[in-house]
Amino acid sequence: MLQLECPVCGVLADETELVPGGEAHLQRAGPDSTDDAFADYLFTRANPRGVHFERWCHVYGCGKWFHAARDTATLEVFGTYSAQTTAPPDDIVAAIRARRPEWEGPA
Amino acid sequence: MSTRLATGGTRIDRSQRLGFTWDGQPLQGFAGDTLASALLANNQVLVGRSFKYHRPRGVVAAGPEEPNALVGLGTGGSFEPNARATTTALADGMLVASQNAWPGLAHDVGVVNGWLSRFLRAGFYYKTFLWPRAFWKRLYEPAIRRAAGLGRAPDRADADRYEYLYLHADVLVAGGGIAGLAAAREAAQAGLRVLLIEQEACWGGRAATDGVTVDGKPAADWVAGTVAELQAMETVTLRLRTTVTGVHDHGFVTALEAADAGPRQRLWRIRARHIVAATGAIERPLPFAQNDRPGVMLAGAVRDYAVHYAVSPGDRTVVVTNNDDAYRTAIALREAGLTVPAILDARLRVEGALPERARAMGIPIKPGHAVAGSVGRGRVEGVAVCVQAGEGAVLETIPCEAVAMSGGWSPTVHLWSQAGGKLRWDAAQLLFRPDPARPPIGADGAAIVTAAGAANGVLPAGDCLEDGVAAGRAAAKALGAKPQTGKAATAAAPEEAPIEAVWCMPQGAPPALRDKIWLDFQNDVTMSDVALAAREGYESVEHAKRYTTLGMATDQGKLSNIGGLAVLAEARGATIPEIGTTTFRPPFTPVTLGAIGGEARGALFKPTRKTAMDGWHDANGAVWEPVADWRRPFCYRKPGETVDQAVAREVRNTRRNLGILDASTLGKILVTGPDAGRFVDTLYTNRMSTLKPGRCRYGLMCNENGFLFDDGVVARIDDHSFLCHTTSGGSDHVHAWMEEWLQTEWWDWQVYTANLTEQFAQIAVVGPQARAVLEALGGIDLSADALPFMGWTEGTLAGIPARVFRISFSGELSFEIAVPAAHGQALWDRLMAAGAAHAIAPYGTEALHIMRAEKGFIMIGDETDGTVTPQDLGLDWAVSKKKDDFLGKRAQARADLTRPDRWRLVGLQTLDPRTRLPDGAHAVDGTVLPTGIRRTIGRVTSTYMSPTLDRSIALGLVERGPERIGEVIRFADGRGHIEARIVDPVFYDPQGERQNG
Ligand SMILES: [Zn+2]
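Novice: Can you explain the overall build of chain A? Please cite residues and give values.
Specialist: What chain A contains, in helices and strands, is two helices and six strands. Moving toward the C terminus, one meets the helices and strands of chain A in the order β-β-β-α-β-β-β-α. Relative to its length of 107 residues, chain A is compact, with a C-alpha radius of gyration of 14 Å against a globular reference of 13 Å. Based on the C-alpha atoms only, the size of chain A along its principal axes is roughly 40 × 35 × 25 Å. A burial count over chain A gives 26% of its 107 residues as buried. Within chain A, contacts between residues at least 6 apart in sequence are counted, and of these 46% link residues at least 24 apart.

Rendered as structure tokens:
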């Protein structure tokens, strides 16, 4: 059972307190988007074996959404951070690079 | 025969006799016995039947690896199937039944003879029953169903209680042998909180039984001293008869405790910062012909039964081995006064300290010899001896009552592997052991498990303790604590000579013998089965496992795994490490469903949400219906009424006179803040921001796929605030939906939401007399001029602060009154009293649904299923064309959602007004698709007998439906059809004159 620290309330939460929300940092395609761009937004998701950025909600806790940087294969957690960002913050990127020097960086 | 010895038994208390029954036969054992030791003490050597061939099976092991001795325990609501006799403590009055045999253990009609067994080879599940097809239904399936499964399922609800227990520790030590005790002690001395868990009923593991000394004294003394020391420490928790069943992601640990008092079992949910796996090792059987005969046991188990429980497996026990450890069994039996006619050692050179001791005791040792097969009718009566280097020519037959076999030991690496740790092959010891370079890791990437002792591949008893000390110190260091550095206790045991590989006995055994060499005793998988799987191309260990069912029994391959790998390796000309192991998955031993459920059963499984008026409904004939987590009255039955009659009465009374509905379950979410208008415009398909305070508007919510998922009336409270009503089942989801967008997309918008659903009781007062009864209560001007349709007002009604919404879901004159929940029952009572003069009567959800269907109002979950758009439902009028954006807008412009032939909402009237269309029935147009199925052109979404119209009505989604008004289409109904005419979905009062009154 995964444990993630909620960056909003500071609780180290068990997976059963959380709901997953899929890939983080998706950009919403609005009414003027092309069919392809909109279909991408609706349906296309990264599914890496390795470093991944995810949305989680501390639903049985403070009720707030946050982001987690995680390795999908080893389940290592590089850090959790505010959902109110459009890209992983520098300290998270640095934490990943420290443990994954070969990582190509955020998409 | 197997009997109880007159003296001895380190774990039994001969002063406490315990009575139990075995298949109805009364037997006796002692306190401290396991069920298996008590059965053996009573000469019950035959304890079960194998799964596939129903061959007789005896106790093989003395621990959780036991594949055969599975029994049914107890009776009625306390019946438990598939309990392992080897790990079940004997209790007075215990009812024990054998399994998998009919009519009885001794005479099982299911025994598969040699001829038929040819058809049950590897892959029989996949091959045998394919042809002829007609046989499947009539012959194979019923036969398999009767034979399938181990044990029988309990036939009633579990009468016992189970509970969860949560525990946090710095270090969890799994296993209370000398390695585990040493590790726990080191960690505790470093100041850490330690949890030490042992699956057996006593501490110390094998050390005392195997003649280990610590600092020159018997291991038992050191064990007792260390346990006392740990028990005296406040930071240490110790538990016996508790099995660590799994190490899961991020080091979450589950353990199952067989509780002595209170609940029957406890499921421990443990978070430890570090885990020491000191889980010991499991002995391997030897692969010789007829090694599955009752009386053939693991050598370590024979020793355990003799030393711990004073059980003699028979006067004469032949020991067969490829290692030195089995000599301990021969020595122990001899010390108990029993005979060991021979030790058949497959190795040519036998010269270790233990063999020397056995030789000195006069036990005949036959180096280079092997078992060509066990002999006997049912149980073992002797072994046929051959040379290991040969092909099984029988040299002599030695009469005996038992065979003690040892193929070496496999470290119990389950916990290490479950958590993701990797293994390496130790060619000297012929075993897989944890690879310290690739440990299981936690969230921070650091190792979370340290293996210790035999589980770490450190088999020599003398080295086990030292490895435990090192593991405890390493765990402490990993957690930043300061471990001791001094010299710890040292254990000593006789030196052991190396093991030799024996993956087939004798090594040149011909197919006739290999057919009878069992690898998996429970699932009946032989050496030939695995070899056949390899020949047929199932070379991957994971494929071969599933094809042959090797290792898929309840013991999960604890005994059979390595033997199967060796056969695959031989067949492929590869080495064992090249083959690799199958995946180790939790649980280590089976966990009962009762323990997994814990207290969450019955009424405690999920709380029922109840409205403020729940008690009144219950006292007034409510027939309950679950609605999301709520319970709501489906209808209120009067004496002598059927449910249908009650529903029809409620509909008629509401349309003619006055109905009252508890609408409290409707979701009520307050959206407030300077950007609230902009936000509700984005959530709803229509424009809400233009709504004036005091007015209401019906709104639709779509997801980004453009599909409708919730609806409800929005009331503008003030400039900054909207009260959003949702469906009863949708309030939590809609609130979460709002929060998700506010937190993750438009976090710069100043909007706050609050789910007020349970803070208000809401009562719908519906029908021609609705205004009259509210005026009788007094306090608020509810005239049509003061409060027009789709308006709301607030004030004091009958002295209770209230908001009154003039909205209608029935098509009648209707007011919904929201009051603080604590006043709900008081208002209900006042309305019932004042309404008596107007024939007021409560109505339930079914009348509500019928009245909305009569009006053609859609219901989320009936007319919608996650693939339906507002446009499909003819709700285009509630979808803004002018707004730049709202959730779902872009999707609704996609080609598939604008297709002209989409299924759209219509009314349906059966040609026979007495016939009601079945719910969900599909309309067919008579053509057949290339796939052979009939083309469907629509389906029924709601269907009722309408008391108002005195005929059946239905709503449905039909291809190009609104263009086909008047057309008659056919709905499939079993083998026949029902004809229905497509009509306008509004069946009643299409002009809406009644609600506007
Ligand atoms: Zn939180």
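Novice: Tell me about the pairing of strand β42 (residues 760-766) of chain B, and please be specific about residues and values.
Specialist: All names here are of chain B. Taken across its seven residues, β42 has seven buried, putting it largely inside the fold. Neither face of β42 is open: one carries F760, Q762, A764 and V766, the other A761, I763 and V765, and all of them are buried. Across four bridges, the pairing between strand β36 (residues 658-662) and β42 is antiparallel. Note that in β42 the partner of D662 across the bridge is I763. Two elements, β42 and strand β45 (residues 814-820), share seven bridges in a ladder whose sense is antiparallel. Bridged to A761 within β45 is V819.

Novice: I'd like to hear about the packing of helix α22 (residues 770-777) of chain B against helix α23 (residues 824-835) of chain B, residue by residue, with values.
Specialist: Residue and element names in this part refer to chain B. For the pair α22 and α23, the least separation of the axes is 9 Å and the interaxial angle reads 115°. The angle between α22 and α23 places the two elements in the roughly perpendicular class. Seen from above, α22 lies across α23 with right-handed handedness. Residues V773, A776 and L777 of α22 touch α23, and the partners they reach there are R830, L831, A834 and G835. Within the contact of α22 with α23, the residues separate by chemical class into five nonpolar, one polar and one charged.

Novice: Which residues make up the sheet that holds strand β12 (residues 217-218) of chain B, and what values do they have?
Specialist: Residue and element names in this part refer to chain B. The three strands lie next to each other as β12-β11-β31, forming an open sheet whose pairing is antiparallel. Of all strands in the sheet, those with a lone pairing partner are β12 and β31 (491-492), marking the two edges. Strand direction decides the pairing type here: strand β11 (residues 213-214) and β31, joined by two bridges, are antiparallel. By the bridge assignment for β31, V214 is matched with A491.

Novice: How would you summarise the interface of chain A and chain B if you had to cite specific residues and measurements?
Specialist: With 22 residues of chain A at the contact, the number on the chain B side is 20 residues. Considering only residue class, the side of chain A that touches chain B consists of 10 nonpolar, six polar and six charged.

Novice: I'd like to hear about the nonpolar core, residue by residue, with values.
Specialist: All names here are of chain B. Core analysis: the biggest nonpolar cluster contains 105 residues, and V714, I763, V765, V804 and I817 have the highest contact counts within it. Ranked by the residues each element gives to this core, the list is headed by β42, at six residues. The contacts of V714, once residues within four sequence positions are left out, are V680, Y684, M688, L691, C696, R697, G699, F722, L723, C724 and H725. Core analysis: the next-biggest nonpolar cluster, separate from the first, contains 100 residues, W22, A61, L550 and A566 among them.

Novice: Describe the domain arrangement of chain B, listing the residues and the values that go with them.
Specialist: All names here are of chain B. Annotation of chain B at the domain level lists domain 1 (1-153), domain 2 (162-282 + 411-485), domain 3 (285-407), domain 4 (517-578) and domain 5 (899-997). Between domain 1 and domain 3, the contact holds 25 residues from the first and 20 residues from the second. Listing elements by their share of the side of domain 1 that touches domain 3, those giving two or more residues are β1 (3-4), α1 (35-41) and β5 (56-58). Residues that form the side of domain 1 that touches domain 3 fall into these classes: 12 nonpolar, eight polar and five charged.

Novice: Please give an account of the pairing of strand β44 (residues 800-805) of chain B that cites residues and values.
Specialist: All names here are of chain B. By the bridge criterion, six bridges tie strand β43 (residues 792-797) to β44 in an arrangement that is antiparallel. Residue pairing across strands places L797 opposite I800, the latter belonging to β44. Between β43 and β44, which pair antiparallel in sequence order, lie two residues; one of them, A798, sits at a positive phi of approximately 55°.

Thresholds applied
- Within each chain, residues carry numbers counting from 1 in the order of the written sequence.
- Following the order in which they are written, the chains are lettered starting with A and the ligands numbered starting with 1.
- The predicted nature of this model means local features are confined to residues of pLDDT at least 70 and side-chain atom pairs, given and counted, to a pLDDT of 80 or more, with totals for whole chains, interfaces and linings taken over all residues.
- Labels follow the DSSP assignment, with helices taken as runs of H or I lasting at least four residues and strands as runs of E lasting at least two, numbered in each case from the N terminus.
- Radius of gyration here uses only the C-alpha atoms, and the compact-globule reference equals 2.2 Å multiplied by the residue count raised to the power 0.38.
- Counts of 20 or more other C-beta atoms within 10 Å of a residue's own C-beta define buried residues, counts of 12 or fewer define exposed ones, and intermediate counts define partly exposed ones; C-beta atoms are placed from the backbone.
- Here, residues touch in the contact sense if the C-beta positions derived from the backbone fall within 7 Å of one another.
- Pairs of strands are assigned from DSSP output, requiring at least two bridges between the strands.
- Axis definition: a line fitted to C-alpha atoms, limited for helices to the stretch in contact. Angles are taken between N-to-C directions and run from 0 to 180 degrees.
- Any angle that falls under 35 degrees is termed roughly parallel, while one over 145 is termed roughly antiparallel, one within 65 to 115 roughly perpendicular, and all others oblique.
- Whether a crossing is left-handed or right-handed is set by the direction in which the near helix is turned from the far one by less than a right angle, anticlockwise for left-handed and clockwise for right-handed.
- Residues are sorted three ways: Asp, Glu, Lys and Arg are charged, Ala, Val, Leu, Ile, Met, Phe, Trp, Tyr, Cys and Pro are nonpolar, and all the rest, Gly among them, are polar.
- In this description, a nonpolar core means buried residues of the types Ala, Val, Leu, Ile, Met, Phe, Trp, Tyr and Cys, linked to one another by C-beta atoms lying within 7 Å.
- Domain boundaries shown here were taken from an automatic or database domain assignment.

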